[in-house]
Structures are given as structure tokens and as C-alpha cells.
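# Observations on the model geometry
Okay, here's what each chain looks like letter by letter:
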Amino acid sequence: LVAGSALFLCGLLPAAAAAWALQATPLGYCVYDFLLMCSEPAIFDAVMLGHHAALAFFPAFVFAGYPADVALGYLSESSIPGLYLCWHLHRVGRTDSAQYRAAGYYLVATFFLFRVGAFYWLTYRAVAEVGHFPAAAAIGTLAVLNTFWFYRLVERASGSSPVKG
């Protein structure tokens, strides 16, 4: 998903191939995640399920008109490897390792660029360039939520978080 988005934005993936890749990939991922959550009650999360449903179906309606915006939005997923690696290293007690610090730097950098910065840019585009206020409200809400979570990441990285470990 991230690779397809980056290739499309750089002009290395034709629009027809990008349309298929950027619509089929999240749908397949969301079906997998839905089945996983339903089969494992300990990880079931209705909010995450709703998030994945929106991720799977909303871009399919938008891609034809705004493929670069959808691709830019999908680059937000590039922060996930850093998040999962930090979470795993935290779980196994390796928060003092160089790997944890490197993954944390990667997470903070990609989160800022592709979740905070990109979503404010997409909100601006939805209002100023497209004039689509419902989309701007939805994307703007995500931008604010991403800003909140970015603040929490920085707080945790600086050691001022109430969460210890």
C-alpha cells in the first residue's frame, strides 16, 4: 500500500495499476483484519473495525477524482512498522536498546510527515482547491486526532509521559 502510493506519486506506477492496487490492497487487508478480530475476542476493537471499514471503502469512491490525495493519505501507513516494532520491543523489555530508539525516531518522523502534515495538507486541499467541505471535516478531524497522537508519541519519547516503561 505504501509502496504503491509512493510509486504512483513519483509517476512510476500508471494510474490504472495504481487504481487497482490502492483499492484492492486495503480491501484485502481489511477483510483479513476483520476476520482476525472476529476470531480473537481479546483483540476485537469496534473502533478499529470502523476505521478499517472506512479505509477499505471510502478511497474506492474518491480515487477516480483524486488519486494523488488518496495515495498521499495511504502514506500514513508508513508509520506502522515503527509503531509495531516499538510495541514489540516494549513488550519484551528492550526499551533501552538501539533498535527501540531507531524505531522510535522512524515512528515519530513518519507520523509527523505522513499523518500530521499530510492530513492538514489534505484538509486544506479539500477546502481551498476542491471545495468539498464534508471531506474537509472528515479529514480535518483525522488531522486533529493525528496531532493528539503525535503529541502523545513525543511526550512518551521525551520521558514525560505518565505511561512508564
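Quick caveat, the model's predicted, so the values are computed rather than measured. (Residues numbered from 1 in each chain as written. Predicted model: local features only at pLDDT ≥ 70, side-chain atom pairs only at ≥ 80, totals over all residues. Heavy atoms only, no water.)

### Here we look at the pattern of salt bridges
In the structure shown here, the tally under the stated rule is 3 salt bridges. The shortest N-O distance in the salt bridge between Arg 125 and Asp 69 comes to 2.8 Å. In this pair, Arg 125 sits in helix 6 (residues 98-129) while Asp 69 sits in helix 4 (residues 67-74), placing the two residues 56 residues apart along the sequence. A residue is classified by how much of its surface remains accessible, and Arg 125, at 16% relative accessible area, is buried. Classification of Asp 69 as buried rests on a relative accessible area of 18%. Taking the shortest distance from any N to any O, the salt bridge between Arg 115 and Glu 77 comes out at 3.8 Å. Of this pair, Arg 115 sits in helix 6 while Glu 77 is found in the loop between helix 4 and helix 5 (80-91), placing the two residues 38 residues apart along the sequence. In this structure, Arg 115 and Glu 77 share a single accessibility class: buried. (Salt bridge = Lys/Arg side-chain N within 4 Å of Asp/Glu carboxyl O. Helix = DSSP H or I, 4+ residues; strand = E, 2+ residues; numbered from the N terminus. Buried < 20%, exposed > 50% of the residue type's maximum accessible area, 1.4 Å probe, protein only.)

### A look at the packing of aromatic side chains
Inspection of the entire model under this criterion finds 4 aromatic pairs. An angle of 15° between the planes, with centres 6.5 Å apart, marks the rings of Phe 111 and Phe 150 as stacked. Here Phe 111 is found in helix 6, whereas its partner Phe 150 is found in helix 7 (residues 133-158), with 39 residues between them in sequence. Pairwise contacts between aromatic rings join Phe 111, Phe 112 and Phe 150 into one cluster. (Phe/Tyr/Trp six-rings, centres within 6.5 Å; stacked < 30°, edge-to-face > 60°.)

### A closer look at helix 5
The end-to-end C-alpha separation of helix 5 is 16 Å, in line with the 16 Å expected for 12 residues at 1.5 Å each. All of the buried residues along helix 5 are Gly 82, Cys 86 and Leu 89. Viewed end-on, helix 5 has its buried residues packed into an arc of 70°, placing them on one side of the element. Those residues of helix 5 that are exposed and aimed more than 90 degrees away from the buried face are Trp 87 and Arg 91. (Expected span 1.5 Å × (residues − 1). Arc of directions from axis to C-beta.)

### Some thoughts on the nonpolar core
One finds Leu 72, Leu 75, Ala 118, Phe 119, Leu 122, Ala 126, Ala 135, Ala 136, Ile 139 and Ala 143 forming the largest nonpolar core, which totals 10 residues. For Ala 136, the residues in contact, after removing those within four places along its chain, are Thr 123, Ala 126 and Val 127. Judged by nonpolar contacts, the second largest core, of 7 residues, contains Leu 13, Ala 18, Leu 22 and Val 70. (Core = buried A, V, L, I, M, F, W, Y, C linked by side-chain atoms within 4.5 Å. Contact = heavy atoms within 4.5 Å.)

### Brief notes about the environment of Leu 1
Here Leu 1 is to be found in the segment before helix 1 (2-9). Distance in space between the C-alpha atoms of Leu 1 and Ser 78 is 8.8 Å, their sequence separation being 77 residues.

### Concerning the side chain of Asn 146
Relative to the assigned elements, Asn 146 resides in helix 7. Exposure remark for Asn 146: the relative accessible area of 10% places this residue in the buried category. With near-sequence residues (within four places) excluded, Asn 146 lies in contact with Phe 111, Arg 115, Val 116 and Phe 119.

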